[in-house]
Amino acid sequence: RPLGPGAAIPQAAALPFRWEVSGLRVLVITSSSGNSWVVPKGHVEIGETPLETACKEAEEEAGVRGTPGPEPVGAFEYSKYGNRYHVQAFLLHVTDVLDEWDESTLRKRAWLTCSEAANRIRISPLAELVRSLPQRLGG
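Thresholds, definitions, all that
- Residues numbered from 1 in each chain as written.
- Predicted model: local features only at pLDDT ≥ 70, side-chain atom pairs only at ≥ 80, totals over all residues.
- Heavy atoms only, no water.
- Salt bridge = Lys/Arg side-chain N within 4 Å of Asp/Glu carboxyl O.
- Buried < 20%, exposed > 50% of the residue type's maximum accessible area, 1.4 Å probe, protein only.
- Helix = DSSP H or I, 4+ residues; strand = E, 2+ residues; numbered from the N terminus.
- Pairing = 2+ DSSP bridges.
- 1 Å grid on protein atoms, 1.4 Å probe; cavity = no way out; pocket = protein on both sides within 12 Å on 5 of 7 lines; lining within 4 Å.
- Points joined across faces, edges and corners; volume = space filled by probe spheres on them.
- Nonpolar A, V, L, I, M, F, W, Y, C, P; charged D, E, K, R; others polar.

Q: Could you clarify how one ought to interpret the pattern of salt bridges in this entry?
A: Side chains that carry opposite charge are capable of pairing whenever their charged atoms lie near each other. For the coordinates displayed, the defined rule picks out eight salt bridges. For Glu 20, the salt bridge is made with Arg 18, and the minimal N-O distance between the two is 2.8 Å. The class of Glu 20 is partly exposed, set by a relative accessible area of 27%. Judged by relative accessible area, Arg 18 falls into the partly exposed class, the value being 24%.

See below:
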């Protein structure tokens, strides 16, 4: 789909979470460069919904599958390589954690409290979204 000059490129992200005995945990992964912590996200391809993209990226980048929330819980923008990206974020209640996945050799993953995860994430609107998860999920 053609984008106008300066238009943000559409992406979708998963906010993978699970409940542990000690409480709510969110999954973060290292970026492709390995220099920062992020959540699984990617370009919304033609013929794919943002929700489908979020679920696909969660499996490819983080090795998790689960039950997604039907609507985005938020959105954020960031810039990289001179481009602006607009990311819709979807909750993903993780039901399966894979031992091997597409990008397992490229990325580390960590289950953290929302506060710990937010403190590692450099994209501040994403960090705030992660920080707000306990209120959104009633935990």
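Q: How should I be thinking about the pairing of strand 8 (residues 109-112) in this particular structure?
A: Remark: a regular strand shows side chains that alternate across the two faces of the sheet. Going residue by residue along strand 8, you find Ala 110 and Leu 112 tucked away on one face and Arg 109 and Trp 111 left uncovered on the opposite face. Here four bridges tie strand 2 (residues 23-30) to strand 8, and the two strands are oriented antiparallel to one another. Bridge assignment links Val 28 to a residue of strand 8, and that residue is Ala 110.

Q: When you look at the layout of surface pockets in this model, what are you seeing that I'm missing?
A: Taken as a whole, the largest pocket encloses approximately 520 Å³ of empty space. Lining the largest pocket are 23 residues, with Ser 31, Ser 32, Lys 41, Tyr 78 and Lys 80 sitting closest to its centre. Elements with a minimum of two residues in the lining of the largest pocket: strand 3 (37-38), strand 4 (41-43), helix 1 (50-62) and strand 6 (74-80). Of the residues assigned to the lining of the largest pocket, the class counts are seven nonpolar, nine polar and seven charged.

As far as function goes, none of this settles anything; it's purely spatial.
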